[in-house]
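# Close look at the chain arrangement
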Amino acid sequence: MSASGSEAATRSVPSSSVSPPAAKKRRLHSAADAGTGHAANSTGMTAQNGSGNGRVAASGGAGADMAGDAAQLDEGLYSRQLYVLGREAMQRMAASNILISGLRGLGVEIAKNVILSGVKSVTLHDPGAVEMADLSSQFFLTEADIGRPRADACLEKLAKLNPYVSTSVHSGELDAATIGQFGVVVLAGASLDEQLRIGEACRAHGAALIVADTRGLFGQVFCDFGAEFTVRDATGESAQTAMVAGITRDGTVTCLDETRPRPGGRRPRHLLRGQGHDRAERRQAHQDQGHSSSHSPKSIKDPEVIPTDFGKLHLSGQYHLAFQTLHEFQKRHGHAPAPWAPADQQAFLELAGELNGTLSARLEELDEPLLKTFAAIAVFGRRLQQRLADLKYFVVGAGAIGCELLKNMAMLGVGTGSGHVILTDMDLIEKSNLNRQFLFHKEHVGKAKSACAAEAVKVMNPKINVIHKLDRVGPETEAVFDDDFFESLDGVANALDNVQARIYMDRRCVYYRKPLLESGTLGTKGNVQVVLPHLTESYSSSQDPQEKSIPICTLKNFPNAIEHTIQWARDMFEGSFRGSAESAALYLTDPKFVEKALKLPGSQPLETLDAVKRCLVDDRPQSFDDCVAWARRHFQEQFSNQIRQLLFNFPADQVTSSGTPFWSPPKRCPHPIEFDAENALHVDYIVAAANLKAAVYGLPQCRDRSAIVSLVRQVKVPEFTPQSGVRIATTEAEAEAMTGQLDGDLLQKLRAELPPADALPTAHRHTRRETKRVAGRIIPAIATTTALVSGLVCLELIKLAQGHSKLELYKNAFANLALPFIAFSEPIPCPKNKYYENEWTLWDRFDVDGEMTLKEFIDYFQEKHKLEISMLSQNVSMLYSFFMPAAKRTERMAMKLSDVVRSVSKKEIEPHVRALVLEMVCNDTDGEDLDVPYVKYNLPRK
């Protein structure tokens, strides 16, 4: 049996929004997967999920029928989870019947995540009456439920989480016959005698047993998956592929790709031979691993503990003993130790010494302070609870992590006094959100996330003061989230899904010197970073390594892997249906669009204006017939003409100067495709492309395949003849050189041919949410990782509320549930810099009160700080430099600094701006460069 304390441990680099290959979670293969009975009809009540109204009926609901066919998966709902677990594991889950006994805070959290995951059925068991104390952690109970059986009281809300999971209540005893109906049994907060009794029944019927318990900030999990079980994926990482360059007679495989399969744990699966072309791939397959679980009685005497906090490995045995002592204390006294009762603490300590003598792995010495604390836990005192109630926190994002954070804050009582929680998210709820963002249900689809989330947590805790906003965080909303807003906050909790927004919020927190709780998930992986003013580095101080990019020449001309074709299709979609349409819309609305486009680097001005001309003139459809004609010609250009030109430049039998075939691995010789109206895949392309084109221009659409086939047969496709002199890059250097070249004559000709914006007919311009993310990258995600990460964030929030100033008391965390692995570390201290004898960090700055002239500003730093300013800038505007013309320098020296900013930037200072951020390049008295903090130049209050 394993147990662990609350404090956490290993610095993790915050996760980025870049999506890696899909990962598959560890799967268990045993009798536990073969639950055949349908426990939903055992006894008691069943929620009728299929109706969507959450009402209670006396028999199995529509959800049972939905879940019955494990082969049918709603990919719209489970899209992100499928990328983590894989289809096979999801289908096995959809055939599994689960029993969860114990529905206090821990039990309902488990039930929530299991139901969201999409199992066949979940049966709830907890006949105990709801108590007022339950409401502090059981988020699906209200005061009106006090006195009702816990399982009955939370059935409707749990059932509403997933219409495909039949959710029911078993109100009788958990006898052997009942246990036999389930593949997995979960006990939350059960007594030790109950654990042992049900453990024996699970062993007898081949069911997996999971036992979980919490005691304040301590927790334990015990797993018994049977005498024998198989792990089909031990790491959760995706299988790798590599291009095979050659195989020797002794079996040595030489790979071209740098990401060659790793030895150990995986084995080569098969070699693929291309049709008519010499190529092969080496793929990895997940290696099945046999395991066995220890039986409950044996694990009590000699536990196998999976370590989490590597700084406290020596405490694992103490935690295990503490939980065993708690069970025995409750058995002998009929109650748990009273909080901070010295007599109970002493009795608990003596009992721990007695039980320690019965363990096979006997502890040499008891940690008496830890055991006494364990016995006396009441978690929060009245003073800390009031601090939590008075906190003013800003939660940025109401996605999966945002929903969990709000729920945890409501249960902790954050913002229930003079404080408040402000939530912002500009997104609307989509169907795929419902698999993880448990505050939302199908009736919320299309509504604002922040509004629905705020409404939901008010039900969980009516006392919480939650304010929702629909604003995106960024420079464009700084008038909303201004100085007054940030200065009133106690801290910020990020729940964002992209790196750019994280970096922006991190910089705002550094500027306003507010603590930031940063977190993220990626499939089974998750991380937490705590950013503390004047103590730690910030989120932006370290960044993830950049994702390996695909060379341009490979992407455009020589794709050889499925990842290349996917990225090519994504780029083509963006260019054809999004990027060009957005550029055209800007051309019609922004008088300075052409001027801005001409300032773009390399060949981008030509590409941008050409895309605008094609969108507004050359390829502009007037009817759906025109859209079909465009789609047919587009097919011809992409899949025939370009390939024929490529083969004209580089024939299939061409050899290099060294005599080797040009089309050698990794290059793969392509073949042009001739359009066939009888080929369903070809017609699919025309139907999709024509309707997307119609959607961009607001034209009526058509899904009638026969009508579209009839139209496409009438389209006249110009005959293509490959041309000599067409350059095709074969290396990345050539591709970059060609990209950087700008044909000035062609650009001028294009500008002359592009009609003025006011001469073009008004276009129908709007972006459909349904197509916005078609070409986007899906980030793998599951609810369990989100719940874990959000819990770790709130532990750090509690420490912040306590006012701790010691860095070692805070913990960054990294977890990978596929292994499983959880590690904690102290946050990295902020690096220190120095000028003269003055130390400074990223949290420091010069605060200067204006107004003063530029000369006064420069003299101020020369006289007070012995710093000679050689350059001064604000944002992207250079206000002063030693090399600027003397006349300009003299003119600016006499101007007020704010006027210099207005003059150089050619913009007015926004009314909400109270201070300017200035960057300086300075020299010391010896003329040497110095690194110095930035300047916060405070403008006079109006």
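Residues numbered from 1 in each chain as written. Predicted model: local features only at pLDDT ≥ 70, side-chain atom pairs only at ≥ 80, totals over all residues. Heavy atoms only, no water.

Glancing now at the packing of aromatic side chains. Pairs of aromatic rings are described using the distance from one ring centre to the other and the angle between the two planes. Scanning the entire structure with this criterion turns up 38 aromatic pairs. Taking 6.3 Å as the distance between ring centres and 80° as the angle between the ring planes, the aromatic pair formed by Tyr587 and Phe593 counts as edge-to-face. Of the two residues, Tyr587 and Phe593, both sit in the buried class. What links up through ring pairs into an aromatic cluster is the set Phe394, Phe481, Phe485, Phe486, Tyr511, Tyr512 and Tyr934. Positioned above the aromatic ring of Phe558 is the side chain of Lys667, whose terminal nitrogen or guanidinium carbon lies 5.4 Å from the ring centre. Across from the ring centre of Phe662, 5.1 Å away, lies the NZ or CZ of Lys667, which sits over that ring. (Phe/Tyr/Trp six-rings, centres within 6.5 Å; stacked < 30°, edge-to-face > 60°. Buried < 20%, exposed > 50% of the residue type's maximum accessible area, 1.4 Å probe, protein only. Lys NZ or Arg CZ within 6 Å of the ring centre and 35° of its normal.)

This part covers the pattern of salt bridges. For the structure shown, the criterion picks out 37 salt bridges. For Lys112, the salt bridge goes to Glu109, with nearest N and O atoms at 2.9 Å. Of this pair, Lys112 and Glu109 both sit in helix H4 (residues 105-117), three residues apart, which is roughly one turn of that helix. When sorted by exposure, Lys112 lands in the same class as Glu109, which is buried. The salt bridge partner of Asp193 is Lys331, with a shortest N-O separation of 3.6 Å. Taken as a pair, Asp193 in helix H7 (residues 192-205) and Lys331 in helix H9 (residues 316-333) lie far apart in primary sequence, 138 residues in all. Asp193 gets classed as partly exposed once you look at its relative accessible area, which sits at 43%. By relative accessible area, Lys331 is classed as exposed at 54%. (Salt bridge = Lys/Arg side-chain N within 4 Å of Asp/Glu carboxyl O. Helix = DSSP H or I, 4+ residues; strand = E, 2+ residues; numbered from the N terminus.)

So, on to the side chain of Ser432. Its place among the elements puts Ser432 in the loop between strand S18 (420-424) and helix H14 (449-460). Taking relative accessible area as the criterion, Ser432 reaches 15% and is therefore assigned buried. Not counting the four nearest positions on each side in its chain, Ser432 is found in contact with Gly76, Leu77 and Ser79. (Contact = heavy atoms within 4.5 Å.)

With that out of the way, let us pick up a negative patch on the surface. A cluster of acidic side chains, namely Asp926, Glu928, Asp929 and Asp931, defines a negative patch on the protein surface. By the secondary structure assignment, Asp929 is in strand S31 (residues 929-930). Taking the relative accessible area as the measure of exposure, Asp929 reaches 61% and is therefore exposed. (Patch = residues over 30% accessible without salt bridge, like charges linked within 9 Å, V, L, I, M, F, W, Y side chains within 5 Å. Areas by Shrake-Rupley, 256 points an atom, 1.4 Å probe, with all protein chains shown as cover. Lys, Arg positive; Asp, Glu negative; His and termini not counted. Charge placed at Lys NZ, Arg CZ, Asp CG, Glu CD.)

With that settled, consider H9. Given 3.6 residues per helical turn, the α-helix brings residues three or four places apart onto the same face. Over its 18 residues, H9 extends 26 Å from the first C-alpha to the last, a length consistent with the 26 Å expected when each residue adds 1.5 Å. At the C-terminal side of H9, Gly334 shows a positive phi close to 80°. (Expected span 1.5 Å × (residues − 1).)

What follows is about the confidence of the model for the protein. Of the residues in the protein, 83% have a pLDDT of 70 or more, and the chain-wide mean is 83. Counted against residues more than four places away or in other chains, residues 258-283, with its pLDDT under 50, gives 63 contacts. For residues 763-776, every residue scores under 50 in pLDDT, and the model assigns this stretch 22 contacts once sequence neighbours within four places are set aside. (pLDDT = per-residue confidence, 0-100.)

We now examine the pairing of strand S22 (residues 525-531). For S22, the tally of buried residues reaches six of seven residues, placing the bulk of the element in the interior. Relative to S22, strand S21 (residues 516-522) is paired through seven bridges, and the arrangement is antiparallel. When the sheet's bridge partners are listed, Leu517 is paired in S22 with Val530. Counting the residues that bridge the hairpin from S21 to S22 gives two residues, and of these Gly523 lies at a positive phi of roughly 65°. Two elements, S22 and strand S23 (residues 812-816), share four bridges in a ladder whose sense is antiparallel. For Lys525, the partnering residue across the bridge sits in S23 and is Asn816. (Pairing = 2+ DSSP bridges.)

Below, the discussion takes up unusual backbone geometry. At the junction of Pro665 and Pro666, the peptide bond is cis and its omega measures out at 10° in the coordinates. By the secondary structure assignment, Pro666 is in the loop between helix H21 (624-649) and helix H22 (680-697). Here the bond from Gly850 into Glu851 is cis, since omega is 5°, no more than 30 degrees from zero. Of note in this structure, His534 is not a glycine but carries a positive phi near 70°. The residue His534 is located in the loop between S22 and helix H17 (552-556) in this model. Among the residues examined, His534 registers a relative accessible area of 42% and is labelled partly exposed. Phi at Tyr836 is positive, roughly 50°, even though this residue is not glycine.

Turning next to the environment of Ala783. Within the secondary structure, Ala783 sits in helix H27 (residues 783-802). Look at Ala783 and you get buried, because its relative accessible area is 6%. Apart from residues no more than four positions distant in its own chain, Ala783 is found in contact with Asn113, Leu116, Asn435 and Arg436.

A few words on the sheet that holds strand S20 (residues 491-494). Pairing in this open sheet of eight strands is mixed, and the strands run S19-S18-S17-S20-S21-S22-S23-S24 from one edge to the other. Of all the strands in the sheet, just strand S19 (466-469) and strand S24 (821-825) have a single pairing partner and so form its edges. Direction aside, the axes of adjacent strands within the sheet are offset by 15° on average. The strands touched by helix H13 (residues 400-412) within the sheet are strand S17 (392-396), S18, S20 and S21, with S20 carrying the most contacts at an inclination of about 135°. (Axes fitted to C-alpha atoms, helices over the stretch in contact; angles between N-to-C directions.)

Summarizing the sequence annotation, UniProt attributes the feature "active site" (unreviewed entry) to Cys553 in the numbering used throughout. Mapped onto the elements, Cys553 comes out in helix H17. Looking at Cys553, the relative accessible area reads 7%, which means it is buried. (UniProt positions renumbered as here; feature names shortened; annotations may be inferred.)

Counting buried positions along strand S6 (residues 121-125) gives five out of five residues, so the element sits mostly inside the fold. Two strands pair when backbone bridges link them, and strand S5 (residues 97-101) and S6 are joined in this way by five bridges, in the parallel orientation. Across the sheet, Ile98 pairs through a bridge with Val122, a residue of S6. For the segment spanning S5, H4 and S6, crossover handedness is right-handed. Note: S6 against strand S7 (residues 166-169), four bridges, orientation parallel. Across the sheet, residue Ser121 finds its bridge partner in S7, namely Ser166. Assessed by its sense of winding, the connection that carries the chain from S6 through helix H5 (residues 150-159) to S7 is right-handed. (Right-handed = clockwise from strand over helix to strand, strands pointing away.)

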